[in-house]
Amino acid sequence: IHCKDQEYGACRNLKITCPENVDGDPRCVMSGGSQSSQHTDLKFYCKHGWDDINLAGYVGYLVTNFSSNESSNEMFCSDTYSESCVMHTLQRDLYCKCPFMDHD
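S.K.: Tell me about the pattern of salt bridges, residues and numbers included.
M.R.: Within the structure shown, the criterion is met by five salt bridges. The partner of R92 in a salt bridge is D51, and the shortest N-O contact between them spans 2.7 Å. Taken together, the residues span a long stretch of sequence, with R92 in the segment after β7 (83-86) and D51 in the loop between β4 (43-45) and β5 (53-62) at a distance of 41 residues. Here D51 falls in the partly exposed class, since its relative accessible area comes to 32%. Among the charged side chains, a salt-bridge network with shared partners connects K15, D41, K43 and E74.

Below you can see the structure in the form of structure tokens.
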């Protein structure tokens, strides 16, 4: 997915289902975005979590509703997408491990 024109929020709050990686190479790639790309309800469906998506070329920010201290930016994983974690950044981190038994 290439997010070319973020002036109008073309890629905000998407729900993206990614194909499984092939030999560790993500087949789901998101690029583009801008400094003003803010997400409040971004969802990734990746069976193998961060191993299935490459966001290295994407610029965007995840926003938390600070009045309720909740975020609706989530990654769903496992064969049935029954595991999930809340994303606080658009990169693999300690707070969003999906699946839970990830070997990072």
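Okay, back to it.
S.K.: How would you sum up the state of the cysteines? Please name residues and give values.
M.R.: Applying the stated criterion to the full structure yields four disulfides. Between the sulfur atoms of C3 and its disulfide partner C11 the distance amounts to 2.0 Å. Handedness here is read from the sign of the S-S torsion; for C3 and C11, about -100°, the answer is left-handed. The pair C3 / C11 is uniform in exposure class, with both members buried. Sulfur-sulfur distance for the disulfide between C77 and C98 comes to 1.9 Å. For the disulfide bridge between C77 and C98, the dihedral angle about the S-S bond is near -95°, and by the sign convention the bridge is left-handed. Of this pair, C77 sits in strand β6 (residues 74-77) while C98 sits in the segment after β7, and the two are 21 residues apart along the sequence. Along the chain, the cysteines that take part in disulfide bonds pair up as 1-2, 3-4, 5-8, 6-7, counted in sequence order.

S.K.: Go over the layout of surface pockets, please, and point to the residues and values.
M.R.: If you add up the space inside the largest pocket, you get close to 200 Å³. For the lining of the largest pocket, the residue count by class is eight nonpolar, five polar and one charged.

Rules and cut-offs
- Residues numbered from 1 in each chain as written.
- Predicted model: local features only at pLDDT ≥ 70, side-chain atom pairs only at ≥ 80, totals over all residues.
- Heavy atoms only, no water.
- Salt bridge = Lys/Arg side-chain N within 4 Å of Asp/Glu carboxyl O.
- Helix = DSSP H or I, 4+ residues; strand = E, 2+ residues; numbered from the N terminus.
- Buried < 20%, exposed > 50% of the residue type's maximum accessible area, 1.4 Å probe, protein only.
- Disulfide = S-S within 2.5 Å.
- 1 Å grid on protein atoms, 1.4 Å probe; cavity = no way out; pocket = protein on both sides within 12 Å on 5 of 7 lines; lining within 4 Å.
- Points joined across faces, edges and corners; volume = space filled by probe spheres on them.
- Nonpolar A, V, L, I, M, F, W, Y, C, P; charged D, E, K, R; others polar.

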